[in-house]
Amino acid sequence: MKKESRKEEAPVMPELLAPAGNFEKLVTAVHYGADAVYFGGKKFSLRAKAGNFDEQTMHQGVQFAHDHGVKVYVTVNIIAHNQDLDDLERYLAGLKDMQVDGIILSDPGILSYARRVVPSLPVHLSTQANVTNHASASFWLSQGVCRLNLARELSLAEIREIRRKVAGELEVFVHGALCISYSGRCMLSNYMTDRDANQGSCSHPCRFSYTLLEEKRPGEYFPVEEDERGTYIFNSKDLCLVEMLPQLVAAGVDSLKIEGRMKSIFYVGGVVRVYRAALDYLAQLPTDAWNDPAGIRMPDHFMEEILKTGTRGTTENFINQRPGSSEMIYTSSRAVQSYEPVAVVRQPGEAPLVEIRNQLTPGEHIEYMQQGMGLTPVRIVSMQDESGNPVTKANPGNLILLKTEPQLSEAVAHGILRRQKGASERKIESI
Ligand code: SF4
């Protein structure tokens with residue numbers, strides 16, 4: 001039976017598992033330090049709008065990840081109806097041939113197919129199955145599942161108890177958007193917009209603004225408002241457990257999962273980069289620091305950087321106490337993002353070739369997000385197109401040779417350049 005780490009024994013660092021909604025996000029997650037990525041194919045996967053991978057891109061994604069020593073797990077986690085099963089055997093056999101490192105599912109029927117058709121393929125249980133206790137954990141492990149993604153509604157004490165009682169791998173969500181229902185078991189979207197959250201098409205009505213209607217007064221809407229913008233009564237803050245990492249690591253969790261296959265490469269790169277650096281920070285602590293995991297304080301810059309990637313505020317959800325109204329955000333459903341991506345490095349060099357993501361002009365101050373927590377602030381001296389013609393304004397999609405001061409000599413392919421939001425208007429220098 002797997003145990004929590006004992007005193008005077010440094011724990012094994014868990015895997016960092018990142019979302020890869022498409023090939024570019026996969027490359028970004030790998031670049032910024034994920035140990036493993038997860039994505040869905042065009043069929044059998046939730047997050048219908050995430051882009052997802054066709055067979056050819058899936059091959060490329062697996063190849064790219066494996067070339068960098070990163071594992072790949074593929075979601076097969078729809079709530080399946082009879083017709084969904086028609087092509088399942090062929091699909092599962094294809095995943096095995098592709099040498100993916102595991103599949104993620106929640107449906108017992110799909111599990112039975114997987115055990116029969118591809119018995120050597122590791123099976124991870126999706127959060128959709130809502131494992132909230134050790135008996136449920138034991139049950140799924142006895143069915144041939146090797147990893148359990150635990151329900152987000154668990155406390156640290158409950159995770160520890162499950163760890164003590166079962167030997168299988170445990171995976172815990174550490175970052176990302178939260179549902180106000182048990183992990184996606186929600187009919188709000190289906191009811192209001194005919195888009196089924198359990199088929200991966202949630203329209204996020206929990207983020208809508210609501211008013212109160214008394215049934216005998218049709219048309220009379222009573223405002224339920226925090227301010228003039230309304231009230232978002234179901235709108236949860238985002239999960240962020242960066243400051244709980246020491247205790248999760250000490251608890252013997254095997255994998256830390258980041259939510260967000262629908263999010264941008266800036267989010268994926270920014271969040272993975274911080275959690276990678278945070279785990280590396282913990283890995284180099286002296287062994288005796290682990291005598292008191294709760295006493296290990298994470299340096300502030302990890303949280304400061306997380307807040308720059310875009311959040312609806314942060315909550316530790318159920319991990320220490322049951323969430324109350326302070327874990328909701330009543331004033332707006334929009335994520336606050338103080339920085340925005342401006343370009344992605346495509347080719348390093350004295351003047352690196354970059355792909356523009358947000359309009360950019362010479363004279364602007366931007367910063368390069370290194371792997372690890374480092375940042376390189378630079379000023380754009382000039383921009384040229386690939387033929388060497390000067391460019392005074394670069395637009396999204398343009399490929400631009402970027403001359404900066406100081407020179408961006410450490411920039412490598414897939415690295416992201418960002419700027420503080422509003423910085424382009426505040427630009428004080430021009431060339
Ligand atoms: S409406 Fe909100 S709570 Fe319901 S499934 Fe969608 S994101 Fe989750």
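Residues numbered from 1 in each chain as written. Predicted model: local features only at pLDDT ≥ 70, side-chain atom pairs only at ≥ 80, totals over all residues. Heavy atoms only, no water.

Turning our eyes to something else, we now look at the sheet that holds strand β18 (residues 416–420). The sheet built from 6 strands closes into a barrel, its strands ordered β13-β14-β17-β16-β15-β18 with antiparallel pairing. Geometrically, the sheet is characterised by an average inter-axis angle of 50 degrees between neighbouring strands, direction not taken into account. Of the pairings in the sheet, the one linking strand β13 (residues 339–347) to strand β14 (residues 353–356) comprises 4 bridges and is antiparallel in character. Each residue of the ladder has a partner; that of alanine 343, found in β14, is isoleucine 356. (Pairing = 2+ DSSP bridges. Helix = DSSP H or I, 4+ residues; strand = E, 2+ residues; numbered from the N terminus. Axes fitted to C-alpha atoms, helices over the stretch in contact; angles between N-to-C directions.)

Here we come to the site of the ligand. With respect to spatial proximity, the complete set of residues near the ligand consists of Cys179, Ile180, Cys186, Ala197, Cys202, His204, Pro205 and Cys206. Within the shell around the ligand, the residues separate by chemical class into 7 nonpolar, 1 polar and no charged. (Near = heavy atom within 4 Å. Nonpolar A, V, L, I, M, F, W, Y, C, P; charged D, E, K, R; others polar.)

Here the focus is the environment of glutamate 305. As for its position among the elements, glutamate 305 is in helix α10 (residues 300–308). Residues glutamate 305 and arginine 273, spaced 32 residues apart in sequence, show a C-alpha to C-alpha distance of 9.3 Å. The residues contacting glutamate 305, other than those within four sequence positions of it, are Arg273, Val274, Met373, Leu375 and Arg418. (Contact = heavy atoms within 4.5 Å.)

This paragraph deals with the nonpolar core. Judged by nonpolar contacts, the single largest core of 96 residues is most densely connected at Ile103, Leu245, Leu248 and Tyr275. Looking at which domains feed residues into this core, each of domain 1 (15–182 + 236–322) and domain 2 (339–420) supplies at least three. Among all residues touching tyrosine 275, those that are not within four sequence positions of it are Leu16, Val174, His175, Cys240, Leu241, Val242, Leu245, Ile258 and Ile306. Listed in part, the 18 residues of the second largest apolar core include Ala343, Ile366, Ile400 and Leu408. (Core = buried A, V, L, I, M, F, W, Y, C linked by side-chain atoms within 4.5 Å. Buried < 20%, exposed > 50% of the residue type's maximum accessible area, 1.4 Å probe, protein only. Domains from an automatic or database assignment.)

Time to look at the packing of helix α3 (residues 88–97) against helix α4 (residues 108–117). Interhelical geometry of α3 versus α4 gives an angle of 55 degrees and a closest axis separation of 10 Å. It follows from the interaxial angle that α3 and α4 lie oblique. The two elements α3 and α4 meet at a crossing, and its hand is right-handed. Together, Leu88, Glu89 and Leu92 of α3 and Ile110, Tyr113, Ala114, Arg116 and Val117 of α4 make up the contact between the two elements. Here the residues of the contact of α3 with α4 are counted per class, giving 6 nonpolar, no polar and 2 charged. (Parallel < 35°, antiparallel > 145°, perpendicular 65-115°, else oblique. Left-handed = near helix turned anticlockwise from the far one by under 90°.)

Attention now moves to the pattern of salt bridges. Any two side chains of opposite charge can pair, so long as their charged atoms come close to each other. One pass over the structure, following the stated rule, counts 25 salt bridges. For arginine 217, the salt bridge goes to glutamate 220, with nearest N and O atoms at 4.0 Å. (Salt bridge = Lys/Arg side-chain N within 4 Å of Asp/Glu carboxyl O.)

The values reported here are purely geometric and, on their own, carry no functional implication.
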